[in-house]
Amino acid sequence: MLGFIKTLKTLQDRTPLGLLQLKHDRLRLLTAIAGITFADILIFMQLGFADALYKSNTQYPRALQSDLVILSTQAKNFGQLRTFARRRLYQAQDVPGVLSADALYLGSVQWRNPQTRQQTSMLLVGQNLAQPAFELPEINQQLNAVQLPDTVLFDRASRGDYGEMIVQVEQGKPVTTEIGLRTVTVTGLFEVGASFSDDGALITSDQNFLRLFPRREAGAVSLGLIRLEPGYDPKQVRASLAARLPDDVQVLTHQGYIDFELNDIQSESPIGFVFGLGSAMGFIVGVVIVYQVLSTDVNSHLAEYATFRAMGYRNTYLLGVVFEEALILSVLGFIPGLIIALGAYQITAAATALPLAMPASRAATVLLLTFAMCGASGAVATRRLQAADPADIF
Amino acid sequence: MSKEAAIVVHQLDHYFGSGQLRKQALFNINLEIRAGEIVIMTGPSGSGKTTLLTLIGGLRSAQSGSLKVVGHEICGASENQLVRARRHNGYIFQAHNLHGSLTALENVQMSLEVHGHLSKQQRYYRASEMLAEVGLEERTNYYPADLSGGQKQRVAIARALVSHPKIVLADEPTAALDKKSGRDVVDIMQNLAKEQGCTILLVTHDNRILDIADRIVYMEDGRLSKPPAPEAD
């Protein structure tokens, strides 16, 4: 303990050589900070995109209001759920503990943007109006508005130009457009956000869904939402359901279903790899730039370092100076990186309707990565210190 | 005699390179310097003067023979012992080698910081006093780039002497200076060294400063000898 206090005092008392060196050469300092900032922004964007993709592709699965989920064994993900027979839901209701089993219909439709008249692909959700499928109060309050035939709720965060249309709907004037050959009316708005596969989403009743999808039968269901009676353990009921139902469907807990979706994105899509690679590139760019700066700095101070060694400073002291510089650079580079990344998130979120946010954990991860980046460059740069041998220099 | 000796070199040989390229640089050096003595070593370039100086200063490890500096044998010493030995010496180089990112005052303080027992404030006062003694009290917060050659060399002297070393080793301290600044620099060295009672070993080609020496030794082709007759210079 005493030794620790003594070390602390020595540290406090020492001349901050690394800091002074960095301050003395402003241009070099700015280069290094710019390099680290750039690398950090790159990493932030990559991690942000990856996370946004995971999130945007699991927003509806996350929001499901159910204890257990039934889906086809052939289901790949929310966009390719396939269908299973509605019979399975009736069978499920026989199982003790099951309070209700409702069908959810999902499909991609080509809809015409009422403003631009362009066709884009939208996710269409048909749900039982009596039993709200999602834990999204904004939607559930408006379910009455889609009881009429060919009416839909529209996701205001959909990608594309919908400004005028949104204003009209907000003023209470319904807007009409086309899905396939039918004319539909937008009677309300909600906000979830776009995903990669669809530009946005429309929510309507199961009846309307079947009208808009003439080829789908009421008996072909995308997802089964099971609610349990109070006091029943979801895992146990899941097991008895799985035993009761044939093998053409699988039963998952809600969390299990979210994991199923995430797992599919992570393993089947290149998102994890692509953005992981992007982050790694950012990291490497950072290492290279910081290494350049630090090794140039060591090189240009070789004679001075050799003099320090001749005065009796140890090599570890000089190593300390290099790492001191690395540490200062990582903090100085991280702060603007974080601020710019926050701005870039907002711009990107506005432009793409992807849910980009900066959780504290990601900021902490990138800060640690920055330390690692600068530490690694510092470690490589210290090899140049070998040349600071007083016997060779004089 | 040997009790008083600050530096005792006995039968010191030194080689550079290894294998077939191995080349002997110093041959059977014997030299004894008393405490407080000012010794100038001269000789043609490449004769091994600087090599001997770096060996005495502990910048290079001695290979064979005996080398005692203020009573410590440093022939065959470990790197750690050499680092400690260096802290007893003040080194003045041909190039001032001041740290460009540090002010004159901070440069001098670095020489005190290595000992690790002075507080920041003590270092500040000692360094300021030392700079005043070399006539730079007005320039303490200047960076080396803003000082003249002579002033820089005076800061280097302040740096070498501030921790009151037993031995000052100087390698061509006046080589880069004009006649007057060169003279000033050696006068300051001489006065301070006399005040502090330290031993000076100075390597130089500069005939104009030979008068400060108590003794002059001459080195040629790695061997120490008596200085040649003046006309042979």
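Keep in mind the model is a prediction, meaning the values are calculated, not measured. (Residues numbered from 1 in each chain as written. Chains lettered and ligands numbered in written order. Predicted model: local features only at pLDDT ≥ 70, side-chain atom pairs only at ≥ 80, totals over all residues. Heavy atoms only, no water.)

Please explain the overall build of chain A as it appears in this structure.
Per the secondary structure count, chain A includes 15 helices and eleven strands. Within chain A, the fraction of its 394 residues that count as buried is 50%. A sequence separation of at least 24 residues applies to 81% of the contacts in chain A between residues at least 6 apart. A total accessible area of about 18000 Å² is found for chain A, and carbon and sulfur atoms account for 59% of it. Looking at chain A, you have 31 positive and 34 negative side-chain charges, and the mean spots of the two groups are 2 Å apart. (Helix = DSSP H or I, 4+ residues; strand = E, 2+ residues; numbered from the N terminus. Buried < 20%, exposed > 50% of the residue type's maximum accessible area, 1.4 Å probe, protein only. Contact = heavy atoms within 4.5 Å. Areas by Shrake-Rupley, 256 points an atom, 1.4 Å probe, with all protein chains shown as cover. Lys, Arg positive; Asp, Glu negative; His and termini not counted. Charge placed at Lys NZ, Arg CZ, Asp CG, Glu CD.)

Help me understand the packing of helix α3 (residues 26-56) of chain A against helix α11 (residues 271-300) of chain A, please; the structure alone is not making it clear to me.
Describing two packed helices takes the angle between their axes plus the distance from one axis to the other. All names here are of chain A. At a minimum axis distance of 9 Å, the contact between α3 and α11 shows a crossing angle of 170°. The pairing of α3 with α11 is recorded here as roughly antiparallel in orientation. In the contact of α3 with α11, the residues fall into 19 nonpolar, ten polar and two charged. (Axes fitted to C-alpha atoms, helices over the stretch in contact; angles between N-to-C directions. Parallel < 35°, antiparallel > 145°, perpendicular 65-115°, else oblique. Nonpolar A, V, L, I, M, F, W, Y, C, P; charged D, E, K, R; others polar.)

Quick question: what am I supposed to make of the interface of chain B and chain A here?
By a widely used convention, the size of an interface equals the accessible area lost when the partners come together. If you look at the interface, chain B gives 28 residues, while chain A gives 24 residues. Summed over both sides, the interface between chain B and chain A buries roughly 2500 Å², with carbon and sulfur atoms accounting for 54% of that surface. It is B:H99, B:S101 and B:M110 that lose the most area in chain B upon contact with chain A, and together they represent 22% of the buried surface on that side. B:E79 is the salt-bridge partner of A:R309, the closest N and O atoms lying 3.5 Å from each other. Counting every contact that joins chain B to chain A gives nine residue pairs in polar contact (both at pLDDT 80 or more). When residues of the side of chain B that touches chain A are traced back to their parent elements, those giving at least two are α1 (49-56), α2 (79-86), α3 (104-113) and α4 (120-133) of chain B. Ranked by the residues each element gives to the side of chain B that touches chain A, the list is headed by α2(B), at five residues. Of the residues that constitute the side of chain B that touches chain A, the class distribution is nine nonpolar, nine polar and ten charged. (Buried area = accessible area lost by both parts, 1.4 Å probe. Salt bridge = Lys/Arg side-chain N within 4 Å of Asp/Glu carboxyl O. Polar contact = N/O pair within 3.5 Å; in protein donor to acceptor, adjacent residues only side chain to side chain.)

Honestly, the side chain of B:T42 in this entry has me stumped. Any pointers?
Mapped onto the elements, B:T42 comes out in strand β3 (residues 38-42). Setting aside chain neighbours within four positions, we find B:T42 in contact with B:K49, B:T204, B:L210, B:I216, B:V217, B:Y218 and B:M219.

Please clarify how the sheet that holds strand β4 (residues 64-69) of chain B should be interpreted in this entry.
Sheet strands line up and pair through hydrogen bonds in the backbone, either parallel or antiparallel. Residue and element names in this part refer to chain B. If you trace the four strands from one edge of the open sheet to the other, you get β2-β1-β4-β5, paired in antiparallel fashion. With one partner strand each, in any of the chains shown, β2 (23-34) and β5 (72-73) form the two edges of the open sheet. When strand β1 (residues 5-16) meets β4, the two strands line up antiparallel, connected through five bridges. Across the sheet, V8 pairs through a bridge with K68, a residue of β4. The sheet contacts of α1 involve β1, β2 and β4, and relative to β1 the element is tilted by about 120°. (Pairing = 2+ DSSP bridges.)

For this particular structure, what's the right way to read the sheet that holds strand β6 (residues 89-92) of chain B?
Residues and elements named next belong to chain B. With respect to topology, six strands assemble into an open sheet ordered β6-β7-β8-β3-β9-β10, the strand pairing being mixed. The sheet is open, and its two edges are formed by β6 and β10 (223-225), each paired on a single side. Along the sheet, successive strands turn relative to each other by an average axial angle of 20°, direction set aside. Examined bridge by bridge, β3 and strand β9 (residues 215-220) share four bridges and lie parallel to one another. Residue pairing for β9: I40 is matched across the bridge by I216. Running at roughly 170° to β6, helix α5 (residues 149-161) makes contact with β6 and β7 (167-171) of the sheet.

How should I be thinking about the packing of helix α13 (residues 315-352) of chain A against helix α14 (residues 360-381) of chain A in this particular structure?
All names here are of chain A. One can describe the packing of α13 onto α14 by two numbers: an axis separation of 9 Å at closest approach and a directional angle of 145°. In this structure, α13 meets α14 at a crossing whose hand is right-handed. Of the residues in α14, those touching α13 at V322, F323, A326, L327, L329, S330, V331, F334, L338 and Y345 are R362, A363, V366, L367, T370, F371, C374, G375, G378, A379 and A381. Among the residues making up the contact of α13 with α14, the classes are represented as 16 nonpolar, four polar and one charged. (Left-handed = near helix turned anticlockwise from the far one by under 90°.)

Where do I start with the nonpolar core in this structure?
Within soluble globular proteins, side chains that are nonpolar generally end up buried alongside one another. In this structure, A:I70, A:W111, A:F154, A:I226 and A:L241 are the most contacted members of the largest nonpolar core, which totals 38 residues. When residues of this core are assigned to their parent elements, the largest contribution, six residues, is made by strand β3 (residues 98-112) of chain A. Apart from residues no more than four positions distant in its own chain, A:I226 is found in contact with A:S66, A:D67, A:L68, A:I70, A:A92, A:V98, A:S100, A:A101 and A:L241. In this structure, B:L112, B:A170, B:I188 and B:I212 belong to the second largest nonpolar core, which totals 37 residues. (Core = buried A, V, L, I, M, F, W, Y, C linked by side-chain atoms within 4.5 Å.)

Help me understand the domain arrangement of chain A in this model?
Residues and elements named next belong to chain A. By the assigned domains, chain A splits into domain 1 (10-56 + 271-393) and domain 2 (74-246). One C-alpha centre belongs to domain 1, the other to domain 2; they are set 48 Å apart. Residue-level contacts link five residues of domain 1 with seven residues of domain 2. Between domain 1 and domain 2 lies a buried interface of about 460 Å² when both sides are counted; carbon and sulfur atoms form 65% of it. Contact with domain 2 buries area across many residues of domain 1, yet L53, S56 and A353 alone supply 63% of it, more than any other trio. Linking domain 1 to domain 2 there are zero salt bridges. At the boundary of domain 1 and domain 2, one finds zero residue pairs in polar contact (both at pLDDT 80 or more). Taken together, the residues that form the side of domain 1 that touches domain 2 break down as three nonpolar, two polar and no charged. (Domains from an automatic or database assignment.)

Could you clarify how one ought to interpret the pairing of strand β10 (residues 223-228) of chain A in this entry?
Consecutive side chains along a regular strand alternate between the two faces of the sheet. With respect to burial, β10(A) is a largely interior element, six of its six residues being buried. The two faces of β10(A) match: A:L223, A:L225 and A:R227 on one face and A:G224, A:I226 and A:L228 on the other face are all buried.

Looking at this structure, how should I read empty space enclosed by the protein?
Regions of empty space are outlined by a rolling probe, equal in size to a water molecule, passed over the atoms. Counting across every chain of the model gives one cavity of 30 Å³ or more. The computed volume of the largest cavity comes to approximately 90 Å³. Around the largest cavity, the lining residues are A:M311, B:R86, B:R87, B:N89, B:G90, B:Y91, B:S111, B:V114, B:H115, B:R159, B:A160 and B:S163. Per element, the largest residue contribution to the lining of the largest cavity is three residues, and it comes from β6(B). Partitioned by chemical class, the residues of the lining of the largest cavity number four nonpolar, five polar and three charged. (1 Å grid on protein atoms, 1.4 Å probe; cavity = no way out; pocket = protein on both sides within 12 Å on 5 of 7 lines; lining within 4 Å. Points joined across faces, edges and corners; volume = space filled by probe spheres on them.)

Before we go on, may I ask you to explain unusual backbone geometry in this structure?
Trans peptide bonds make up most of the peptide bonds, and negative phi angles are found at most residues other than glycine. The backbone of A:D150 shows a phi angle near 55°, a positive value even though the residue is not glycine. Look at A:D150 and you get buried, because its relative accessible area is 12%.

What exactly am I supposed to notice about α5(B) here?
One full turn of an α-helix is made of 3.6 residues, so residues set three or four places apart face in the same direction. Under the 1.5 Å per step criterion, the end-to-end length of α5(B) is 18 Å for 13 residues, consistent within 8% with the ideal 18 Å. The element α5(B) is extensively covered by neighbouring structure, given that twelve of its 13 residues are classed as buried. Of all the positions in α5(B), only B:G150, B:Q151, B:K152, B:Q153, B:R154, B:V155, B:A156, B:I157, B:A158, B:R159, B:A160 and B:L161 are classed as buried. The inward-facing, buried residues of α5(B) contact α12 (302-311) of chain A together with β6, α3, α4, β7 and α6 (179-196) of chain B. (Expected span 1.5 Å × (residues − 1).)

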